[in-house]
Amino acid sequence: MMASRLNRRALRTVESALAAFTLAACANFGTSNLTPQGFSAHASPVGRSAAAAFTFYTVDYPNEHPNRITGIAKNREIVGVYGNNGSQGPYHSYTSLYNASQPYTQFQVDDFPNSQSTYMTSIAIPAHSTTAIQAGYVITPADLQGNWGVINNKGLWSLVRRNRGERTCHMMELFGIDAKYDAVGFYWNDDSPSGTCGKYTQYPTEVVPGEGFHDYPHVLGAYPSATGINRAGLLVGSTDVSGNGASKGWTRGQADSYKYWNYDNKSRLSTLMNGMNDAGVIVGTYKDLTGDWHGFIVSNLFSTTKQPVWQSIDEPDGDQESTVISGIDGSGDICGWYTGTDGLIHGFVGIRQ
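In this report, the structure presented in the accompanying data block is examined. All values reported here derive from a predicted model rather than from experimental measurement.

## Quick look at the pattern of salt bridges
Now for step 1: Applying the stated rule across the entire model yields 6 salt bridges.
Now for step 2: Taking the shortest distance from any N to any O, the salt bridge between Lys180 and Asp178 comes out at 3.0 Å.
Now for step 3: Overall, Lys180 belongs to the partly exposed group, its relative accessible area being 32%.
Now for step 4: Judged by its relative accessible area of 2%, Asp178 is buried.

In structure tokens form, the structure reads like this:
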């Protein structure tokens, strides 16, 4: 970035998102007919009781696939992404507002100008504001190389870089933002003499307006990333602690205390933590012993007196093998994506009843 710009303005996700995660003035709108899915009779028993607490909506940008809903704010505004940065086109990000009578029927494309791909991952509403801020990353913005973190502050875009002087090696992605404008993600530190990232170390990091970067080098394991932060300063993320076995989620609580988690404390289940709300409720996805991915919600991971409560959730209209929960708001509404019986990846929102 322009790190100075960030200071002045106050300002890998399911096996790479189950192989991934124009300015507002130039908005492009689409419409789609959506109906509540409720709880489908064909849904599998996995997550059945937890899923029944939500009314589910499939939310797809019209005529585009794959779709992923990556974040949800306290007013239920969502941010999402379509495309796969490959054969199905570059990533494009969009937002959509919730209306009780017509939920998520209009979409506004929200891409960083002149970038190859924009992947916005999170959304929040600052205090005393009704306008959302977002965090994410862009690929080869303008004439720059690599992946850059990006913050969209109510239509004012800022690129974020951790290290200066990189040549072809530049990798930084942001995955979470809170109402105080603090954002979290990861970056690569180039350890190779060639400047090409032939050898590198990945660090979780936090971008704090007016302060710069707080790195978290004490997180164990390969390829750690921070994915969520809340107003209390609690952090969550994911890492492959063993380097070979099941991946783990991690939490950073008060007094800089770190803990590592597998779904329901079952060490063989790969677990990715993707987001968190201000109450410290965490969402993510885990892989079971048959290789299927399911979403989950867990509470009490930061508590010193209560036991964690884990709930498995499959999107009811999905194939029951690939649900990703990517975000949760203060009311407990969730969002994410799933693979449908049509073989396509669809975004979804679950409104807590």
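## Quick look at the pairing of strand E10 (residues 156-160)
Now for step 1: By the criterion of burial, E10 is predominantly enclosed, with 4 of the 5 residues buried.
Now for step 2: Of the strand pairs in this sheet, strand E9 (residues 147-153) and E10 are connected by 5 bridges, and their pairing is antiparallel. Bridge assignment links Asn153 to a residue of E10, and that residue is Leu156.
Now for step 3: Following E9, the chain reverses through 2 residues before pairing antiparallel with E10; Lys154 in that reversal takes a positive phi of roughly 55°.

## Thoughts on the sheet that holds strand E17 (residues 248-252)
Now for step 1: Read across the open sheet, the 4 strands follow the order E15-E16-E17-E18; overall the sheet is antiparallel. Looking along the sheet, the strands with just one partner apiece sit at the ends: strand E15 (222-229) and strand E18 (258-261). Neighbour-to-neighbour, the strand axes of this sheet turn through a mean angle of 25°, independent of strand direction.
Now for step 2: Pairing between strand E16 (residues 235-240) and E17: 5 bridges, direction antiparallel. For Thr239, the partnering residue across the bridge sits in E17 and is Lys248.

## What to know about the sheet that holds E9
Now for step 1: Ordered by their spatial adjacency, 4 strands build an open sheet running E7-E8-E9-E10, and the pairing between neighbours is antiparallel. Strand pairing shows two members of the sheet lacking a second neighbour, strand E7 (115-124) and E10, which therefore form its edges. Between one strand and the next, the sheet's axes are offset by a mean angle of 25°, whatever the strand orientation.
Now for step 2: As judged from the 7 bridges shared by strand E8 (residues 133-141) and E9, these two strands associate in the antiparallel manner. Pairing of Gln134 across the sheet is with Asn152, part of E9.

## Section: the pairing of strand E19 (residues 270-276)
Now for step 1: Here E19 lies mainly inside the structure; 7 of its 7 residues are buried.
Now for step 2: The pairing of E19 with strand E20 (residues 282-287) spans 6 bridges and is classified as antiparallel. Its bridge partner being in E20, Thr271 is matched across the sheet by Tyr286.
Now for step 3: Between E19 and E20, which pair antiparallel and follow one another directly, the connecting turn spans 5 residues, one of which, Gly280, has a positive phi of 80°.

## Quick word on the packing of aromatic side chains
Working definition: an aromatic ring pair is given by the centre-to-centre distance plus the angle between the planes.
Now for step 1: Scanning all chains against the criterion turns up 24 aromatic pairs.
Now for step 2: Ring centres 5.6 Å apart and planes at 85° place the aromatic pair Phe112 and Trp157 in the edge-to-face group. Here Trp157 lies in strand E10 and Phe112 lies in the loop between strand E6 (106-109) and E7, a separation of 45 residues in the sequence. The pair Phe112 / Trp157 is uniform in exposure class, with both members buried.

## Notes on unusual backbone geometry
Now for step 1: The step from His65 to Pro66 runs through a cis peptide bond, and the omega angle for that step is -5°.
Now for step 2: On the secondary structure map, Pro66 appears in the loop between strand E2 (54-59) and strand E3 (67-72).
Now for step 3: Positive phi, normally seen in glycine, also occurs at Thr140, with a value near 45°.

## Observations concerning the environment of Thr130
Now for step 1: One can find Thr130 in the loop between E7 and E8.
Now for step 2: Classification of Thr130 as exposed rests on a relative accessible area of 70%.
Now for step 3: Distance in space between the C-alpha atoms of Thr130 and Lys74 is 10.0 Å, their sequence separation being 56 residues.
Now for step 4: Every residue in contact with Thr130, bar those within four places of it in the chain, is listed here: Asn75 and Ile125.

Rules behind the numbers
Residues numbered from 1 in each chain as written. Predicted model: local features only at pLDDT ≥ 70, side-chain atom pairs only at ≥ 80, totals over all residues. Heavy atoms only, no water. Salt bridge = Lys/Arg side-chain N within 4 Å of Asp/Glu carboxyl O. Buried < 20%, exposed > 50% of the residue type's maximum accessible area, 1.4 Å probe, protein only. Helix = DSSP H or I, 4+ residues; strand = E, 2+ residues; numbered from the N terminus. Pairing = 2+ DSSP bridges. Axes fitted to C-alpha atoms, helices over the stretch in contact; angles between N-to-C directions. Phe/Tyr/Trp six-rings, centres within 6.5 Å; stacked < 30°, edge-to-face > 60°. Contact = heavy atoms within 4.5 Å.

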